[in-house]
Number of protein chains: 2
Amino acid sequence: MTEPKLHFSRSEYDARLARTRAEMERRGLDLLIVTDPSNMNWLTGYDGWSFYVHQCVIVGPDGPPVWFGRGQDGNGARRTCWMGEAGIIGYPDHYVQSTERHPMDYLSAQLTDQGLGRGRIGVEMDNYWFTAAAFASLQRNLPDARFEDATALVNWQRAVKSEAELTYMRQAGRIVERMQQRIFDKVEPGIRKCDLVAEIYDASLRYDADLGYGGDYAAIVPLLPSGPDAGAPHLTWDDQPMKSGEGTFFEVAGVVHHYHCPLSRTVFLGKPTQTFLDAETAVLEGMEAGLEVAKAGNTCEDIAHAFFRVLKRHGIEKDNRTGYPIGLSYPPDWGERTMSLRPGDKTVLEENMTFHFMTGLWMDDWGFEITESIRIGANGPECLSNVPRKLVVKDG
Amino acid sequence: MTEPKLHFSRSEYDARLARTRAEMERRGLDLLIVTDPSNMNWLTGYDGWSFYVHQCVIVGPDGPPVWFGRGQDGNGARRTCWMGEAGIIGYPDHYVQSTERHPMDYLSAQLTDQGLGRGRIGVEMDNYWFTAAAFASLQRNLPDARFEDATALVNWQRAVKSEAELTYMRQAGRIVERMQQRIFDKVEPGIRKCDLVAEIYDASLRYDADLGYGGDYAAIVPLLPSGPDAGAPHLTWDDQPMKSGEGTFFEVAGVVHHYHCPLSRTVFLGKPTQTFLDAETAVLEGMEAGLEVAKAGNTCEDIAHAFFRVLKRHGIEKDNRTGYPIGLSYPPDWGERTMSLRPGDKTVLEENMTFHFMTGLWMDDWGFEITESIRIGANGPECLSNVPRKLVVKDG
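Definitions and limits used
- All residue numbers refer to position in the chain's written sequence, counted from 1.
- Chain letters start at A and ligand numbers start at 1, both assigned in the order the entries are written.
- The predicted origin of the model limits local features to residues at a pLDDT of at least 70 and limits the giving and counting of side-chain atom pairs to 80 or more, whereas totals for whole chains, interfaces and linings rest on all residues.
- The basis for the side-chain values is all heavy atoms of the structure; hydrogens and waters are excluded.
- Superposition of the copies was done by least squares, using only C-alpha atoms of residues whose pLDDT is at least 70 in both.
- Every residue pair with non-hydrogen atoms within 4.5 Å of one another is taken to be in contact.
- Where each domain starts and ends comes from a domain assignment, either automatic or drawn from a database.
- Defined in terms of a 1.4 Å probe, buried area is the accessible area two parts forfeit on being brought together, summed over both.
- For the exposure calls, accessible area comes from a 1.4 Å probe over protein chains only, and a residue counts as buried if that area is under 20% of its type's maximum, exposed if over 50%, partly exposed in between.
- In this text, helices come from DSSP runs of H or I with a minimum length of four residues, and strands from runs of E with a minimum of two, each type numbered from the N-terminal end.
- Strands pair, by our definition, only if DSSP identifies at least two bridges between them.
- Note on definitions: salt bridges are taken to be side-chain nitrogens of Lys or Arg within 4 Å of carboxyl oxygens of Asp or Glu.
- Residues adjacent in sequence count toward polar contacts only when both atoms are side-chain atoms; beyond that, a polar contact is any pair of N or O atoms within 3.5 Å, and within protein one must be able to donate a hydrogen and the other to accept it.
- Residue classes follow a fixed rule: Ala, Val, Leu, Ile, Met, Phe, Trp, Tyr, Cys and Pro count as nonpolar, while Asp, Glu, Lys and Arg count as charged, and any other residue, Gly among them, counts as polar.
- Between the N-to-C directions of two axes lies an angle of 0 to 180 degrees, each axis being a line fitted to C-alpha atoms and, for a helix, fitted only over the stretch in contact.
- Working definition: rings of Phe, Tyr and Trp (its six-membered ring) pair if their centres are within 6.5 Å, and the pair is stacked with planes under 30 degrees apart, edge-to-face with planes over 60 apart, and tilted otherwise.
- The rule for a charge over a ring is simple: NZ of Lys or CZ of Arg within 6 Å of the ring centre, and within 35 degrees of the ring normal.
- In the cavity and pocket records, a cavity denotes points on a 1 Å grid over the protein atoms alone where a 1.4 Å probe fits but cannot get out, a pocket denotes an open set with protein on both sides within 12 Å along at least 5 of 7 lines, and lining residues are residues with an atom within 4 Å of a point.
- Grid points are joined across faces, edges and corners, and a volume is the space filled by probe spheres set on the points.

Chain A appears in an unreviewed UniProt entry as Ectoine hydrolase DoeA from Palleronia caenipelagi.

(A) A look at the relation of the copies chain A and chain B. If you rotate chain A by 180° and push it 0.0 Å along the axis, it lands on chain B with an RMSD of 0.0 Å. The symmetry that links the two subunits is that of a two-fold axis. By residue overlap, the copies meet face to face through one surface: 99% of the interface positions of chain A are interface positions in chain B.

(B) Expanded view of the domain arrangement of chain A. Residues and elements named next belong to chain A. Once the domains are mapped, chain A shows domain 1 (10-157) and domain 2 (163-394). Between domain 1 and domain 2, the C-alpha centre-to-centre distance is 33 Å. Between domain 1 and domain 2, the residue contacts involve 18 residues of the former and 16 residues of the latter. Its largest share of buried area at the contact with domain 2, domain 1 owes to Ser 38, Tyr 128 and Trp 156, together 36% of the area lost on that side.

(C) Layout of the pairing of strand β13 (residues 372-376) of chain B. Residue and element names in this part refer to chain B. Of all the five residues making up β13, five are buried; the element is thus mostly covered by neighbouring parts of the structure. Judged by which residues are buried, β13 turns out to be covered on both faces: Glu 372, Ile 374 and Ile 376 on one side and Ser 373 and Arg 375 on the other are all buried. Taken together, the four bridges between strand β10 (residues 354-357) and β13 define a ladder with antiparallel strand orientation. The residue bridging Phe 357 from the neighbouring strand is Glu 372, located in β13. When β13 meets strand β14 (residues 381-383), the two strands line up antiparallel, connected through three bridges. Note that in β14 the partner of Ile 376 across the bridge is Pro 381. In this antiparallel pair of consecutive strands, β13 and β14, the connection spans four residues.

(D) Region of the structure containing unusual backbone geometry. Residues and elements named next belong to chain A. For the bond running from Pro 331 to Pro 332, omega is 10°, close enough to zero to count as cis. Its place among the elements puts Pro 332 in the loop between β9 (324-325) and β10 (354-357). One non-glycine residue, His 257, adopts positive backbone phi at about 45°. As for its placement among the helices and strands, His 257 is situated in the loop between β7 (247-256) and β8 (259-269). In this structure, Asn 352 is a non-glycine residue whose phi angle is positive, near 75°. For Asn 352, a relative accessible area of 15% translates into the label buried.

(E) Up close: the interface of chain A and chain B. Across the boundary between the two partners, chain A contributes 77 residues, which contact 76 residues of chain B. Counting the surface lost from both chain A and chain B, the interface buries some 6,300 Å², and carbon and sulfur atoms represent 54% of this. Of all residues in chain A, A:Trp49, A:Tyr52 and A:His234 give up the largest surface area on contact with chain B, accounting jointly for 12% of the area buried on that side. Remark: the boundary between chain A and chain B carries six salt bridges. Here B:Arg79 makes a salt bridge to A:Asp229, at a shortest N to O gap of 2.4 Å. Linking chain A to chain B there are 50 residue pairs in polar contact (both at pLDDT 80 or more). Mapped by element, the contributors of at least two residues to the side of chain A that touches chain B are α3 (74-80), α5 (132-141) and α8 (193-205) of chain A. For the side of chain A that touches chain B, the element with the most residues is α8(A), which contributes eight residues. Grouping the constituent residues of the side of chain A that touches chain B by class yields 34 nonpolar, 21 polar and 22 charged.

(F) Expanded view of the sheet that holds strand β14 (residues 381-383) of chain A. All names here are of chain A. With antiparallel pairing, the four strands of this open sheet are ordered in space as β9-β10-β13-β14. Of all the strands in the sheet, just β9 and β14 have a single pairing partner and so form its edges. Contacts between helix α9 (residues 274-292) and the sheet are confined to β10, β13 (372-376) and β14, with β10 contributing the most and set at about 165° to the helix.

(G) Molecular detail of the pattern of salt bridges. Enumeration according to the criterion identifies 63 salt bridges over all chains in this entry. Here B:Glu199 and B:Arg182 are joined by a salt bridge, their closest N and O atoms 2.8 Å apart. Here B:Arg182 lies in helix α7 (residues 163-186) and B:Glu199 lies in helix α8 (residues 193-205), a separation of 17 residues in the sequence. The exposure class of B:Arg182 is partly exposed, given its relative accessible area of 21%. One continuous salt-bridge network, built from bridges that share partners, spans A:Arg182, A:Glu199, A:Asp202, A:Arg206, B:Arg182, B:Glu199, B:Asp202 and B:Arg206.

(H) Representation of the packing of aromatic side chains within the structure. Going through the model one piece at a time under the given rule, you end up with 50 aromatic pairs over all chains. Their ring planes at 90° and their centres at 6.2 Å tell us that B:Phe8 and B:Tyr13 sit as a pair that is edge-to-face. Like B:Tyr13, B:Phe8 is buried. The interplanar angle of 85° and the centroid separation of 5.6 Å between the aromatic rings of B:Phe135 and B:Phe147 together place this pair among those described as edge-to-face. Of this pair, B:Phe135 sits in helix α5 (residues 132-141) while B:Phe147 sits in strand β6 (residues 145-149), placing them 12 residues apart in sequence. You can call B:Phe147 buried: its relative accessible area is 18%. Here the guanidinium or amino end of A:Arg16 rests over the ring plane of A:Tyr13, the centre of that ring lying 5.2 Å away.

(I) Quick look at the side chain of B:Glu372. All names here are of chain B. On the secondary structure map, Glu 372 appears in strand β13. The class of Glu 372 is buried, set by a relative accessible area of 2%. For Glu 372, the contacting residues outside a window of four places in its chain are Leu 263, Arg 265, Met 287, Phe 355, His 356, Phe 357, Cys 383, Ser 385, Val 387 and Arg 389.

(J) Expanded view of the sheet that holds strand β6 (residues 145-149) of chain A. All names here are of chain A. With mixed pairing, the six strands of this open sheet are ordered in space as β4-β3-β2-β1-β5-β6. The open sheet has two edge strands, β4 (88-91) and β6, and neither has a second partner. Adjacent strand axes in the sheet meet at a mean angle of 25° when their direction is disregarded. Examined bridge by bridge, strand β5 (residues 119-123) and β6 share five bridges and lie parallel to one another. The partner of Gly 122 across the bridge, within β6, is Glu 148. Packing of helix α2 (residues 37-44) onto the sheet brings it into contact with β1 (31-34), β2 (56-59) and β3 (66-70), and relative to β2 it is tilted by some 50°. Taken strand by strand, α5 contacts β1, β5 and β6, and its axis lies near 150° from that of β6.

(K) Summary view of the layout of surface pockets. Residue and element names in this part refer to chain B. When its volume is computed, the largest pocket comes out at roughly 850 Å³. Of all the secondary-structure elements, those providing two or more residues to the lining of the largest pocket are α3 (74-80) and β7 (247-256). Within the lining of the largest pocket, the residues separate by chemical class into 13 nonpolar, 14 polar and 10 charged.

(L) How the structure looks around empty space enclosed by the protein. By the definition in use, this model includes six cavities of 30 Å³ or more. Along the walls of the largest cavity sit 34 residues, with A:Tyr201, A:Val221, B:Tyr201, B:Tyr217 and B:Val221 positioned nearest its centre. Mapped onto the lining of the largest cavity, the elements with two or more residues apiece are α8 and β7 of chain A together with α8 and β7 of chain B. Grouping the amino acids of the lining of the largest cavity by side-chain chemistry returns 29 nonpolar, two polar and three charged.

The following block contains the structure:
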């Protein structure tokens, strides 16, 4: 057996498991079924693009967690998880996308056999990878279990980053610097969106001899809508040439071992309109105000209030949240789905929490994004990358 | 209002809706809640990387479908859907990833207001984008509704492709030819995996003046495990140099307007081992046998049986399905999740169904993939791309 390739020490995995178990105990859970690929990776090291079939990690009352997935992905688990052969259960392939049998039927039988199919079982009710059908299967097959909503239980344990995690996030910061630089170098009227995206991928992936590493895939593809399309925050790209007289935001992330550093900048081709100049002034001033209060002891909503207050003074109303925690992520989202930087979120900020301070504006017929990924410090934030914070004007 | 950018004619969307309604009627459904982004796009044109928050398309008894999603994504719907303003409902941002309120609570209220919150409502029970919590919200808020499992109801309507869809898939075929060619040109001992992935993305995206189009993102990132790692079908890449004496399979897809043409080839660096030469012989012969029966009137399992029979004669047992339908897809899967090419699937093949004939082998310490994407014809298959079907040997 080849040794698995782990990106963290065994003691770090032990600590993560212990933190998770402490929360399980606090909630009185006997068992936890973890379906989020980011949580699975964080607990076990499991890595692979196999989340399009049902899979999970089981955390019981003691011993290592157990990886459960499609039989043919067992080899992937053997090569990436720390638990060894005993911690891997594969289900037969005729359970895959079958209308007659569900992988969770198979899991239920396994749990019952091991006497784990009863008691209080936590499930990630609102996770992409825990479908209504998966839950129905567990309910049907484990009549002695009582299910509790454990959505984001593990995500919350991930909120404060270890030094080893911060190292990867800072490395990702170097990559996103390279990506934004490439955009500035290449963007000009006439360049086709798809060609610019090729440049962005190139900058996100290539091994850099100075840095000593290359890049990984991001949980979200590059977003780069132009002109009126930029009023929609989640359009991707087409193969049409970029036009003078339009603003385009570039929301991209550098990624190392699935740890993300997202960063957005906005480019205006030609002479920027007053709208964009005003947006730049408001957003940069607002960001300063937000970053000012981004320190341990303050709350999530403090950052939002500080930012929104400045925007309002400039006559801009932002009615969506202005940031979210980041770290280890798989598609479809590089956010951690716990806290939100918005009014009403009174979560107290702790040192080494990490956020994407998403200060984007999406208006009726234009959009603007200048953002920072930050680490919360005792006295203020650390920006995880260093990219000039301004509207980029290219008058070609 | 800008006109939405549609990739199909209005009459094609009308036909899709009619086909979906006919199946709803057959099943006695009053309403259908469609959460799969591929189904949403197929019915309405909606495009955007917004599926990390709850969203859906509602198909009622008459009139155009309705897009329901996060308020800020409404602009995306306005720019990509054919239904116009009346067919777009946005929910307020404080429903996003909230622990107190669920977007489906909001949808339920809307349905109730419109008198649609009762009767038989179809939901995609086993879809990534329909979580256990989403279903619980609907059940809680719509006590007069009876929910029916409509998983893959729309996916099945997508099985037979229109001429316009086939055009995009053939275009995607040209792109995957370019991608595989690039791999052959660049792969050699010493090239780092991440650098090769940058080349693959470049070839998948760039505008080609001869073709007249560029590429889109794929629902799965490139898979390219080497040596013993290739025994695991879903590992992605790292930043290490490729080694002589190892086999690597490259599973990638060309994509145009979200229509996929996947294709795998295997490269051996250095003198191939007998294992790989034998695998090549068995797989190529088996593929011929499978392709022979890939025609209208035969069944899904006919292809699998034909392929497995040859493999068996060569002493190879494949215990997982050997293909799946393809077409329009968003992450995490470029399969359509209806049919499977495996024993037991007696679905009758129809002209213009399209499949990825996934003839991959994943053994204990090696893997091998030579595949084809095909269109089912009246008398035999059309390969959607033209890439030499052989083990690529590069003796560097």
